[in-house]
Amino acid sequence: MSVLQFLTTVHFGHGLRRELPKLLTQSGVRRPLFVTDKGVIRAGVFRQAIDAMPGAETLPVFDDTPVNPTEAAAAAGARLYRDEGCDGVVGIGGGAALDLAKAIAVLATHAPPLWNYCNRHAKPLPIDSAPPVVLLPTTAGTGSEVGRSAVIVFDNGVKAGVRCPDLVTAAICDPELTFGLPPSITASTGMDALAHCIETYCSPTINPPADAISLDGMQRIFASLERAVANGSDAEARFDMMMGSLEGAISFQKGMGAVHALSHPIGARGFHHGTLNAILLPHVLACNRDWLGAKWDTIRRQAGWDEGTDPAAAIAALNGRIGLPPRLRDIGVAEADLAAVAREALDDNAHKTNPRPLTESDYFQLLSAAY
Ligand SMILES: [Fe+2]
């Protein structure tokens, strides 16, 4: 059995963003750097997240978070952290902003380049003295607030993780921060969370607590994703989506599979992670079917689908109902890149825990089917 680790302190509930000042005080943080993105600011969600912090508008904000967080953005954020004399990092946003907040915290106290800390190395440099980090997700998707890594596009073009399991001081999951999330982003980020739960559950690694958590997350997401897309203010659906997202990320320490092995190298070319996972998930599930045993039926039952329903086909239909595109070509992925992506998927950590051992040519076939 692998190491079991479920450690991050999470404050979860409607309105709990108002705990932020107290948490920062408890952590000894007087001047945090806020890390967010311009869309979160434009939508008014950044202001909502800090509405219980008097004077917060005078604190420094790094809002240059790219769609996929980069090593260069992490270096720029760490410069701002030092120039402004900060003593903590608060990430407010989707997975990109939260992962970038983690990476900025690492570079705030560790020498660059960030690549030296990447999990692609057999022995990455240790991360031992980062400042306090508090994360507030504003989407229900990546679960980055409890994920053990920051996923970064490095200067060399590789998209991979910086493993930092002890970095996050606390997460605040307030579903009210997701009420204003548009249907399209609710859908794509929600499918990322569903992919985490399903890939984790299907991973052959032995970790029964993670299995149980991923099954609960799966059930919540299947029951609430369409409702959250249809009515963003559905408080119960938003709560369950945020919980499902958290559970997906708590459990994916079991390892994921081919969906993520493929979406990481495609994402490094500038495409949205959740949308990629939504497109790939039905194809990967169908490809893994004969290696899943009873899990295939368990997934069907978690969704509440009738006996005989094919979960892969049903998830493709779900994508259609929530407005997600069915094919990679629909979002502009270049057909000429598929061969390279298939090769790069073999280097991704998620490749190692796909239930069916896959070759480069298997990956190419999956990509062609999804294209
Ligand atoms: Fe993901």
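**Digging into the overall build of the protein chain**
Part 1 of the argument: On a plain count of helices and strands, the protein chain comes out with 14 helices and 8 strands.
Part 2 of the argument: Against the compact-globule benchmark of 21 Å for 371 residues, the protein chain has a radius of gyration of 19 Å, which places it among compact chains.
Part 3 of the argument: Dimensions along the principal axes, computed over C-alpha positions, put the protein chain at roughly 55 × 45 × 40 Å.
Part 4 of the argument: Counting over 371 residues, the protein chain shows a buried share of 54%.
Part 5 of the argument: Residue pairs at least 24 apart in sequence account for 81% of intrachain contacts in the protein chain once pairs closer than 6 positions are excluded.

**Examining the domain arrangement of the protein chain**
Part 1 of the argument: If you check the domain split of the protein chain, you get domain 1 (10–177) and domain 2 (181–370).
Part 2 of the argument: Put simply, the middle of domain 1 and the middle of domain 2, counted by C-alpha atoms, are 25 Å apart.
Part 3 of the argument: The interface is formed by 21 residues belonging to domain 1 together with 27 residues belonging to domain 2.
Part 4 of the argument: Tallied by class, residues from the side of domain 1 that touches domain 2 come to 8 nonpolar, 11 polar and 2 charged.

**Points about the sheet that holds strand 1 (residues 10–12)**
Part 1 of the argument: Ordered by their spatial adjacency, 6 strands build an open sheet running 1-8-5-4-2-3, and the pairing between neighbours is parallel. Every other strand in the sheet has two partners, leaving strand 1 and strand 3 (61–62) as the edge strands with one partner each.
Part 2 of the argument: In the packing of helix 5 (residues 95–109) onto the sheet, contacts are made with strand 2 (32–35), strand 3, strand 4 (88–93) and strand 5 (133–137), and the angle to strand 4 comes to roughly 165°.

**Observations regarding the nonpolar core**
Part 1 of the argument: Core analysis: the biggest nonpolar cluster contains 115 residues, and Ala-101, Ala-103, Ile-104, Ile-198, Leu-262 and Leu-281 have the highest contact counts within it.
Part 2 of the argument: The element contributing the most residues to this core is helix 5, with 11 residues.
Part 3 of the argument: A domain split of this core shows at least three residues from each of domain 1 (10–177) and domain 2 (181–370).
Part 4 of the argument: Contact partners of Ile-104, with chain neighbours within four places excluded, come to Val-35, Phe-62, Ala-74, Gly-77, Ala-78, Tyr-81 and Val-89.

**What to know about the environment of Glu-344**
Part 1 of the argument: With respect to the element layout, Glu-344 can be found in helix 13 (residues 338–345).
Part 2 of the argument: For Glu-344, a count of 22 C-beta atoms within 10 Å puts it in the buried group.
Part 3 of the argument: On a C-alpha basis, the gap between Glu-344 and Pro-209 in space is 31 Å, while along the polypeptide they are 135 residues apart.

**Topic: helix 8 (residues 235–251)**
Note: α-helices contain 3.6 residues per turn, so residues at a spacing of three or four share the same orientation.
Part 1 of the argument: Helix length check: helix 8 (17 residues) gives 24 Å between terminal C-alpha atoms against 24 Å at 1.5 Å per residue, within 8%.
Part 2 of the argument: When you tally the buried positions in helix 8, you get 15 out of 17 residues, the bulk of the element.

Rules behind the numbers
- Residues numbered from 1 in each chain as written.
- Predicted model: local features only at pLDDT ≥ 70, side-chain atom pairs only at ≥ 80, totals over all residues.
- Helix = DSSP H or I, 4+ residues; strand = E, 2+ residues; numbered from the N terminus.
- Rg over C-alpha atoms; globule rule 2.2 N^0.38 Å.
- Buried ≥ 20, exposed ≤ 12 C-beta atoms within 10 Å, placed from the backbone.
- Contact = placed C-beta atoms within 7 Å.
- Domains from an automatic or database assignment.
- Nonpolar A, V, L, I, M, F, W, Y, C, P; charged D, E, K, R; others polar.
- Pairing = 2+ DSSP bridges.
- Axes fitted to C-alpha atoms, helices over the stretch in contact; angles between N-to-C directions.
- Core = buried A, V, L, I, M, F, W, Y, C linked by C-beta atoms within 7 Å.
- Expected span 1.5 Å × (residues − 1).

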